[in-house]
Amino acid sequence: VKRALAVTLGILTAIGGFVDIGDLVANGESGARFGLRLSWVVVVGVIGICVYAEMAGRVAAVSKRPVFDLVRERLGPRVALANLAGSYLVTLLTLSAEIGGVALAVELLTDLPYLLWVVPAGVVMWLVLWRVRFETMERVFGLAGLALVVFLIALFALHPSWSHLADEAGSLPADENWGTYGFFAVSLFAAALTPYEVFFFSSGGVEEGWTRRDLVTSRANVFIGFPLGGILSLAIMGCAAVVFEPAGIRVDDLSQVAIPVGQALGQIGLVVVVVGFFAATFGAALETGLSAGYTVAQYFGWAWGKLVRPRAAARFHTVVLVSVLVGTVLLLTTIDPVELTEYSLVFSAVALPLTYLPILVVANDREYLGDAVNGRLTNILGVTYLVIILLVAVAAIPLMIITGMGQS
Amino acid sequence: MPMRWALAGGAVAVVAVGVTLLLTSGSSDSGFRDTALGVAHDALSAVRTVDVLSTADQNGSLLPTYRSRAAHDAATGLTDAARELESADRPGPGSVSLYERLDPLLRTAVAAVGDAESAMARQDMGQLATAKSRLRATGDGLADFVRSTR
């Protein structure tokens, strides 16, 4: 019973923790512009993150070391440094965007400008990272993120014409072009496969002391929790498709993403959705803050993690603190958090191969995994996704330039 | 080594072409048309967002803090769009004619959104109903502009 409870709790946490500022923005924007025409990208992205997160979790559970601890050992310092540089910079951008999301969520509840909330959000975040136990932190924000289920309820309460939404699938809206379609496809794909998710998943597994026995928990989180989290992403897209697309409204602000919920469920729905925004972005900010520390500390072979006493992992905690500080200062330049999110998604897309190729290599290494290396099906899926990831990485910057960040 | 330099050169060339395209996009009639279309889309979004908010507010579905912030976000988006149009170069008669069609629509949109925002803040349902009909008319005007200019 205890084990079943732990698995259920893990699944719920995975669902609630799946959506972050990137998913909120990318799904809201693409739903408003393309209806559900890009929903297939979310499905493809969720399968991709499942394939690779399962590998990362397996590596952590069997070798008792996180994937990126092994990357330097297996691929050498130069390749690992490229991996570190790309992944760290993208994680830093994402961290800043998440802190911006927290400030925007508080702004919606207080009507005070988000810039006033950026520094308090950064300080509280760092205090939580410093003081709160890993498991408590993960559970509380993951479960609170389940508030975003309200999008699913709102979607049904809006009584959409499902047949109409399905009929549109094969065509482009009259005022859109394939370049913009491609740009939003890249953003959605990057939102589903954000690099920090696998750093956090594998390092978190080590923090929680996973062993081979925990593979069931890990796989349940991945194969049940992530797809259900993906359904929340689709619900956000669906709500935007029903309310905004017919009216020709483009989504540029986080406040707009909540409108369909208010329209369908009233004030209570709005309170729940804004709490969901807060939990999702704060939880993701904690994960990205830790991931920033994990990547650097694991590359240099320093002591790392929440289970190690801060004095014993001083360099890890310093990297986390500096990353939170840089993320906060970046927002104080008054850069729009939604624009920052859009940029973080594009650069995530570019950095995806640097994150996912090493996972595939390590997950095939018998020296670390013994008989738990990838099977044939996992390798077929892994290689297929690596090809997709490479195509997305190559297309991201040209599409960003040609479409003017999806504005054309 | 030469392969690396070729790749780096290719990447620099792609970025340079992109930056050139971005910098020169506003300096022709077609560049101005793209700017005007983007501005009209942004204005249409703002007007119709406030329209949707007004309806939800009439139904008592919005929290006061949320309503105020969401309306403010839309109004800011509209002001930014109007500013972008104002600052764009109008290199030829085609651009001037487009500008003269869009500018009055933007002015009406700014006024209608401002009226709706203040009506929602004061919870004056009579003024809100009037503002909503102006929002509808302006939204339709902007949608026509987008359709005919595309």
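Further up the page is the structure itself.
All values derive from a computational prediction rather than experimental measurement.

Chemist: I keep staring at the overall build of chain B and nothing clicks. Help me out?
Modeler: A tally of regular secondary structure across chain B gives 5 helices and 0 strands. Taken from N to C terminus, the helices and strands of chain B fall in the order α-α-α-α-α. Put simply, 77% of the contacts in chain B that link residues at least 6 apart link residues at least 24 apart.

Chemist: Sorry if this is basic, but what is going on with the interface of chain A and chain B here?
Modeler: Many structure descriptions define interface size as the accessible area lost when the parts assemble. If you look at the interface, chain A gives 29 residues, while chain B gives 24 residues. Across the chain A to chain B interface the summed buried area is about 2500 Å²; carbon plus sulfur atoms make up 58%. It is A:Asp111, A:Gln267 and A:Ile401 that lose the most area in chain A upon contact with chain B, and together they represent 22% of the buried surface on that side. At the boundary of chain A with chain B, the tally comes to 2 salt bridges. The salt bridge involving A:Glu107 is made with B:Arg69; its shortest N-O contact spans 3.4 Å. Our enumeration of links across chain A and chain B arrives at 16 residue pairs in polar contact (both at pLDDT 80 or more). Residue assignment for the side of chain A that touches chain B shows that the elements contributing at least two residues are α5 (77–110) and α13 (254–300) of chain A. The element that contributes the greatest number of residues to the side of chain A that touches chain B is α13(A), accounting for 10 residues. Residues belonging to the side of chain A that touches chain B are distributed by class as follows: 13 nonpolar, 9 polar and 7 charged.

Chemist: Which parts of the structure should I look at to understand the nonpolar core?
Modeler: Looking at soluble globular proteins, one finds that nonpolar side chains tend to be buried together. Within the largest apolar cluster, 183 residues are counted, with the highest numbers of intra-cluster contacts made by A:Phe151, A:Val273, A:Phe277, A:Tyr356, B:Tyr66 and B:Leu102. When residues in this core are grouped by element, the largest group, 20 residues, is from α13(A). Contact partners of B:Leu102, with chain neighbours within four places excluded, come to B:Ala36, B:Val39, B:Ala40, B:Leu85, B:Leu142 and B:Phe145.

Chemist: What is the right way to read the pattern of salt bridges from this model?
Modeler: Opposite charge on two side chains permits pairing when their charged atoms draw close. All names here are of chain A. Overall, the coordinates contain 19 salt bridges over all chains when judged by the stated rule. Of the charged contacts, one joins Glu 245 and Arg 37 as a salt bridge, the two residues approaching to 2.9 Å between their closest N and O atoms. Residue Glu 245 is found in the loop between α12 (215–243) and α13, and its partner Arg 37 is found in the loop between α2 (21–34) and α3 (39–63); the two are separated by 208 residues along the sequence. Between Arg 58 and Glu 54 there is a salt bridge; the shortest N-O distance is 3.0 Å. With a gap of 4 residues between them, Arg 58 and Glu 54 both fall in helix α3, about one helical turn apart. Three or more residues are tied together by salt bridges with common partners; here these are Glu 54, Arg 58 and Arg 219.

Chemist: Before we go on, may I ask you to explain empty space enclosed by the protein in this structure?
Modeler: Where empty space is left becomes clear once a probe the size of a water molecule has been rolled over the atoms. Residues and elements named next belong to chain A. In the structure shown here, the tally under the stated rule is 5 cavities of 30 Å³ or more. In this structure, the largest cavity spans a volume of roughly 80 Å³. Lining of the largest cavity is provided by Phe 68, Val 71, Arg 72, Ala 80, Asn 83, Leu 84, Ser 87, Phe 199, Thr 295 and Tyr 299. Split by residue class, the lining of the largest cavity holds 6 nonpolar, 3 polar and 1 charged. Volume-wise, the second largest cavity comes out at about 70 Å³.

Chemist: I keep staring at the layout of surface pockets and nothing clicks. Help me out?
Modeler: Residues and elements named next belong to chain A. Taken as a whole, the second largest pocket holds about 680 Å³ of empty space. Surrounding the second largest pocket, 35 residues form its lining, Thr 13, Glu 138, Arg 139, Glu 208 and Asn 221 being those nearest its centre. Elements with a minimum of two residues in the lining of the second largest pocket: α1 (2–18), α7 (134–144), α11 (195–207), α12 and α13. Per element, the largest residue contribution to the lining of the second largest pocket is 9 residues, and it comes from α1. Here the residues of the lining of the second largest pocket are counted per class, giving 17 nonpolar, 10 polar and 8 charged.

Chemist: I would appreciate a short explanation of helix α10 (residues 178–192) of chain A in the present structure.
Modeler: It helps to recall that an α-helix has 3.6 residues per turn; residues three or four apart then point in one direction. Residue and element names in this part refer to chain A. With 15 residues, α10 ought to run about 21 Å at 1.5 Å a step, and its terminal C-alpha atoms sit 21 Å apart, in line with that. Counting buried residues along α10, 13 of its 15 residues qualify, which places the element largely inside the surrounding structure. N-cap assignment for α10: the residue whose side-chain oxygen lies 3.0 Å from the backbone N of Gly 179 is Asn 177.

Rules and cut-offs
Residues numbered from 1 in each chain as written. Chains lettered and ligands numbered in written order. Predicted model: local features only at pLDDT ≥ 70, side-chain atom pairs only at ≥ 80, totals over all residues. Heavy atoms only, no water. Helix = DSSP H or I, 4+ residues; strand = E, 2+ residues; numbered from the N terminus. Contact = heavy atoms within 4.5 Å. Buried area = accessible area lost by both parts, 1.4 Å probe. Salt bridge = Lys/Arg side-chain N within 4 Å of Asp/Glu carboxyl O. Polar contact = N/O pair within 3.5 Å; in protein donor to acceptor, adjacent residues only side chain to side chain. Nonpolar A, V, L, I, M, F, W, Y, C, P; charged D, E, K, R; others polar. Core = buried A, V, L, I, M, F, W, Y, C linked by side-chain atoms within 4.5 Å. Buried < 20%, exposed > 50% of the residue type's maximum accessible area, 1.4 Å probe, protein only. 1 Å grid on protein atoms, 1.4 Å probe; cavity = no way out; pocket = protein on both sides within 12 Å on 5 of 7 lines; lining within 4 Å. Points joined across faces, edges and corners; volume = space filled by probe spheres on them. Expected span 1.5 Å × (residues − 1).

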